[in-house]
Structures are given as C-alpha cells and as structure tokens.
Amino acid sequence: MRRFLAVLLVLVLIVAGGGYLWLQHRHTLEMERLTAETNSQLTQARTRYLAVAQDLAEDAAGALAVTLAGDIARQEYAAIDAELGTVVQGHRLTGIIVLGQDGKVLSATDLRYRGRTLDDPATKRALAVNETVTAAEAPQPGQIEVDSPVFSGGQRLATLRVFVDITASEATTAAE
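Report follows, based on the coordinates. The numbers attached to residues start from 1 for each chain and follow its sequence in the written order. Side-chain atom pairs in this predicted model are given and counted only at pLDDT of 80 or more, local residue features only at pLDDT of at least 70, and totals for whole chains, interfaces and linings cover all residues. Hydrogens and water are ignored here; the side-chain numbers use all heavy atoms of the structure.

## Quick look at the packing of helix α1 (residues 2–73) against helix α2 (residues 77–87)
Part 1: Every axis in this analysis is a line fitted to C-alpha atoms, fitted for helices over the stretch in contact. Angles between the N-to-C directions lie between 0 and 180 degrees. The helix count covers DSSP runs of H or I at least four residues long, the strand count covers runs of E at least two residues long, and both are numbered beginning at the N terminus. Two elements in contact, α1 and α2, have axes whose closest approach is 9 Å; the angle formed by their N-to-C orientations is 160°. Between α1 and α2, the interaxial angle falls into the category roughly antiparallel. At the point where α1 passes α2, the crossing takes the right-handed sense. Only Ala 79, Ile 80, Glu 83, Leu 84 and Val 87 of α2 make contact with α1, whose side of the interface consists of Leu 64, Thr 67, Leu 68, Asp 71 and Ile 72.
Part 2: Gly is placed with the polar residues, together with every amino acid not listed as nonpolar (Ala, Val, Leu, Ile, Met, Phe, Trp, Tyr, Cys and Pro) or charged (Asp, Glu, Lys and Arg). The residue makeup of the contact of α1 with α2, split by class, is seven nonpolar, one polar and two charged. By the definition adopted for this analysis, an angle is roughly parallel if under 35 degrees, roughly antiparallel if over 145, roughly perpendicular if from 65 to 115, and oblique otherwise. A clockwise turn of the near helix away from the far one marks a right-handed crossing, whereas an anticlockwise turn of less than a right angle marks a left-handed crossing. Contact criterion: two residues are considered in contact whenever any of their non-hydrogen atoms come within 4.5 Å of each other.

Structure representation (structure tokens):
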C-alpha cells in the first residue's frame, strides 16, 4: 500500500509539475503576444503623433509667415525680433531664422545667426521652397524644421526656418 501511495504521489507531482510548466509556457506566450500588440499600437500612436505635430508646425510657420510679412516688407527688424522672442517663449518652438532671398539672416531668435549670410545645404533647400514644408532632415534629434516662404503683394520677401521640438513632454513621458 505504501508503494502504491508513493507511486500515486509521484504521479500527482509529475502531473502538477507538468501542469505548472504548461501554464507557465501559456503565460509567457500570452505576455509576448500582448507586448507585441502594445508595441504595435505604440508605434501607430507615435506615427499619428508625429504627423499631427508636423501639420501643426507647418500651420504655425505658415501663420507666422503671414504675420511677419508686413514687418519684413517695411524692414522693421526690431519689431520682428520682438515678435520672434515672444513666439519662442513656448515649449515647442525652439528657434526661428528669417532669411532674405540671398540667405542673409534678417532676424533670428539665436543671436549667433543675426547679420550672417547662410549658404549651408539646409538653408539652400529652405530658400528653394515655394510653400510651407517640413524639411526632410531633422536639424537635431527630436526636432523638425519647417520652411516657409514669406510673400507680400505677390512678391517673395523672405523665408522662415522654424525649428520645433517634437519630443514628448515630461508629463506625457511620466504618464506612459
């Protein structure tokens, strides 16, 4: 009888151990599935976020081009400097450069650029745009550059290079 009970106990332990291993395997598979699904949804959400951020940045640059056109036409650079300083006090607009048609910096939020003539590839691409567009290359990680021509009376006066931070804010990051 003791042997029977010992064999029965061993069989129960084997079945229980096998059941545990099967449940552990099922749990691991389910966790992998949920992780993959979550990562896919997160990637889709980030893609949508970047598209919306790009659209908003382009809208802001286009509106800024319209707003500054009169001051640029009148060559009121002090007024432009004041307006740009106010605009970049937010969290997302990190810098703005106003370029003349020859690449000369008419105004900029970064004082290092004022009065210089820029001829780098990014500036040349910006000067060539005929509508508000997002530059193909990021100026820095976590940023986009939006280039917008400035027109007044049908004549092109300048080009804006607007730099926008598109990284998630600390509050958003903490919520994730």
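After presenting the structure, the write-up continues.
## Some thoughts on the sheet that holds strand β2 (residues 105–108)
Note: strands within a sheet are paired through backbone hydrogen bonds, in either parallel or antiparallel orientation.
Part 1: DSSP-based pairing: two strands are paired if at least 2 bridges between them are found. The sheet built from five strands is open, its strands ordered β2-β1-β5-β4-β3 with antiparallel pairing. Lying at the two open borders of the sheet, with one neighbouring strand each, are β2 and β3 (133–134).
Part 2: Relative to strand β5 (residues 155–165), strand β1 (residues 93–99) is paired through six bridges, and the arrangement is antiparallel. Residue pairing in the sheet places Leu 99 in a bridge with Thr 159 of β5.
Part 3: Each of β1, β4 (143–152) and β5 touches helix α3 (residues 121–128); the most contacted strand, β5, lies at about 130° to it.

## Structural notes on the environment of Phe 151
Part 1: Here Phe 151 is to be found in strand β4.
Part 2: The partly exposed category is assigned to Phe 151, whose relative accessible area is 40%.
Part 3: Between the C-alpha atoms of Phe 151 and Gly 70, which are 81 residues apart in sequence, the distance is 9.1 Å.
Part 4: If near-sequence neighbours (up to four positions away) are discounted, Phe 151 is found in contact with Ala 69, Asn 130 and Arg 156. For every residue, the accessible area obtained with a 1.4 Å probe (protein chains only) is divided by the maximum for its type, and the residue is called buried under 20%, exposed over 50%, and partly exposed between those limits.

## Here we look at the pattern of salt bridges
Part 1: Put simply, a salt bridge is a Lys or Arg side-chain nitrogen that is within 4 Å of an Asp or Glu carboxyl oxygen. Evaluation of the coordinates by the stated rule reveals seven salt bridges.
Part 2: The partner of Arg 33 in a salt bridge is Glu 30, and the shortest N-O contact between them spans 2.6 Å. In this pair, Arg 33 and Glu 30 are both assigned in helix α1, three residues apart and thus about one turn of the helix distant.
Part 3: When its relative accessible area of 36% is taken as the criterion, Glu 30 is described as partly exposed.
Part 4: Across the pair Asp 81 and Arg 114 runs a salt bridge, and its minimum N-O distance is 3.6 Å. A residue pair is termed long-range when its members are at least 10 positions apart, and Asp 81 in helix α2 and Arg 114 in the loop between β2 and α3 qualify at 33 residues.
Part 5: Residue Asp 81 is classed as partly exposed on the basis of its relative accessible area, which comes to 23%.
Part 6: Through salt bridges with shared partners, one network takes in Glu 30, Arg 33 and Glu 37.

It is worth stressing that arrangement in space is one thing and function is another; only the former is reported here.
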